[in-house]
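# Coordinate analysis (summary)
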Amino acid sequence: MEARPRRSSSISPRSKGRKSDLVVCFGEMLVDFVPTVGGLSLADAPAFKKAPGGAPANVAVAISRLGGHSAFIGKVGEDEFGCMLVEILKDNRVNSRGVRFDQNARTALAFVTLREDGEREFMFYRNPSADMLLTVPELDAELIQQASIFHYGSISLIAEPCRSAHLAAMDIAKSAGALLSYDPNLRLPLWPTPEDARIGILSIWNKADLIKISEEELEFLTNGADPYTDEAALSMFHPNLKLLLVTEGQNGSRYYTKEFHGKVEGIQVQAVDTTGAGDAFVGGIHSQLVSDMSLYTDEKRLRDALRFANACGAITTTERGAIPALPDKDTVLRLIDQLPKSRIPRRPSWHNISRWRLPLNVDAELPLAATPEQDAVLTNAAVTDAVLTEEQI
């Protein structure tokens, strides 16, 4: 199947001639259909909200939203959904020159069931979908070679020809000196059997420089070990690994290097939909790491970066859908209290952070040290409907 010719999105000039601050994300991009009412089965859901998704694509958008440089490599159908997804990448300033279109397969779809606690279950439509059909010749090797970090998941390992394309892309990135970042993003319904999933995920485990897994994935990969123990995590630490991250949802994240390990507590919010929270976390840590590639060697700097990443994940759970909920850097800094008080609404709703996000053009209009009059304008403009009574704060 031939790829439709793509209009190239240029790489930032700073990447020419030397290693860039580019993060290239490889894998699937699809459309999530998220129920408008949580706690119901798919059959009982009254309606669904269409939301772009796919873990590697989510990470690419997350990095760009945070002010970084990212690119996505994958395949979508030459259909309305595929065109929509590529336009979303472009709208979010993600380099899309590595995206290919398939004329004969559809863009993947996923219907998501939201439980009352915001956790979810998936039902996928991909038999096969376009993302499974990316081939080695369709890879943009030049783009991969530009990356400082090459990030991927495990879904692209499930079937050929995408599995071969995935392995080839890893080899290209590694040969070019990129740090390999792996988030398995376990989706058991997509694998033939749980054992196939375990074998497939572990088949490339020892090649990664950085691995991020959730506590559920750690329990699965260790055949039932207690995922909250250091012993379970350290059993997955291979000799060439630089950093292992274990996320625990709202409880924060644990980190393991050859020299030290520890935990950074999470940020409590009222979760509406956890879809994309782990991807926001990965985007957060990579946005910090790509500008400081020795970050994992200094525990204090690593803890600061993880606090930032935890906030990215927390904010994403306050809205439905993955990409629509991903935060900008200013919002994250406001949450972790790293901007002057004059930039924070007087009575922000900490239970729904999305309602006090700053407009994208605020930085261009107001200085950091806002006057009282400017502060009033900012507060009224940015947090409409977010003012609470003293009892609600």
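Counting starts from 1 at the beginning of each chain's written sequence and moves along it residue by residue. Note on the predicted model: pLDDT of at least 70 is required for a residue's local features to be given, and 80 or more for side-chain atom pairs to be given and counted; whole-chain, interface and lining totals, by contrast, use all residues. Side-chain measures were taken over the full set of non-hydrogen atoms in the model, leaving aside hydrogen atoms and water.

### Observations concerning the side chain of threonine 275
The following threshold applies: Put simply, DSSP H or I for four residues or longer makes a helix, DSSP E for two residues or longer makes a strand, and each gets a number counted from the N terminus. Relative accessibility thresholds used throughout: buried, under 20% of the residue-type maximum; exposed, over 50%; partly exposed, between the two (1.4 Å probe, protein chains only). Pairs of N or O atoms are called polar contacts if they sit within 3.5 Å, as long as, within protein, a hydrogen donor faces a hydrogen acceptor (for residues adjacent in sequence, only side-chain-to-side-chain pairs).
Along the chain, threonine 275 falls in the loop between β13 (261-264) and α8 (277-289). Residue classification places threonine 275 among the buried residues on the basis of a relative accessible area of 4%. A distance of 2.7 Å separates polar atoms of two side chains, one belonging to threonine 275 and the other to aspartate 273.

### Description of the nonpolar core
Note the threshold: Buried Ala, Val, Leu, Ile, Met, Phe, Trp, Tyr and Cys residues that are joined via side-chain atoms within 4.5 Å together make up what is termed a nonpolar core. The contact criterion used is simple: two residues touch if any of their non-hydrogen atoms lie within 4.5 Å.
The biggest cluster of nonpolar side chains holds 53 residues, and the ones touching the most others in it are Phe72, Tyr255 and Leu306. Counting residues per element, this core draws most heavily on helix α9 (residues 299-316), which supplies 8 residues. Setting aside anything within four residues of it in sequence, one finds tyrosine 255 in contact with Leu243, Leu244, Leu245, Phe260, His261, Gly262, Lys263, Val264, Glu299, Leu302, Arg303 and Leu306. In this structure, Leu22, Cys162, Trp191 and Met236 belong to the second largest nonpolar core, which totals 42 residues.

### Overview of the pairing of strand β4 (residues 69-77)
Cut-off, in case you're wondering: Note: two strands are recorded as paired if DSSP finds a minimum of 2 bridges between them. Every crossover in which the path from the first strand over the helix to the second runs clockwise, viewed with the strands pointing away from the viewer, is termed right-handed.
Within β4, 8 of the 9 residues are buried, which leaves the element mostly enclosed by the surrounding structure. Where strand β1 (residues 22-26) lies against β4, 5 bridges are found, and the strand directions are parallel. Pairing of phenylalanine 26 across the sheet is with isoleucine 73, part of β4. Once you follow β4 into helix α2 (residues 80-91) and on to strand β5 (residues 95-102), the crossover reads as right-handed.

### Section: helix α1 (residues 55-65)
Burial runs high along α1: 10 of the 11 residues are buried. Taken residue by residue, α1 has Ala55, Pro56, Ala57, Asn58, Val59, Ala60, Val61, Ala62, Ile63 and Ser64 as its buried positions. Phi for glycine 67, located one or two positions after α1, is positive at around 100°.

### A look at unusual backbone geometry
For residues other than glycine, phi is negative in most cases, and the peptide bonds are mostly trans. The linkage connecting asparagine 127 with the following residue, proline 128, adopts the cis geometry, with an omega of -15°. Along the chain, the position of proline 128 falls in the loop between β7 (120-125) and α3 (141-145). A cis amide bond links glutamate 160 to the next residue, proline 161, at an omega of 5°. Take proline 161: it is sitting in the loop between β8 (149-152) and α4 (162-175).

### With respect to the sheet that holds β8
Applicable threshold: Helix axes are fitted only over the stretch in contact, all axes being lines through C-alpha atoms; the angle between N-to-C directions runs from 0 to 180 degrees.
What the 9 strands build is an open sheet, ordered β5-β4-β1-β8-β9-β10-β11-β12-β13; its pairing is mixed. Here the strands that pair on one side only, and so sit at the sheet edges, are β5 and β13. Averaged over all pairs of adjacent strands, the angle between strand axes in this sheet comes to 15°, irrespective of strand direction. Relative to β13, strand β12 (residues 253-256) runs antiparallel, the two being bridged by 4 bridges. Bridge pairing in β13 places serine 253 opposite valine 264. Contacting β4 and β5, α2 crosses the sheet at an angle of about 175° to β5. The strands touched by α4 are β1, β8 and β9 (179-182); relative to β8, the strand with the most contacts, the crossing angle is about 160°.

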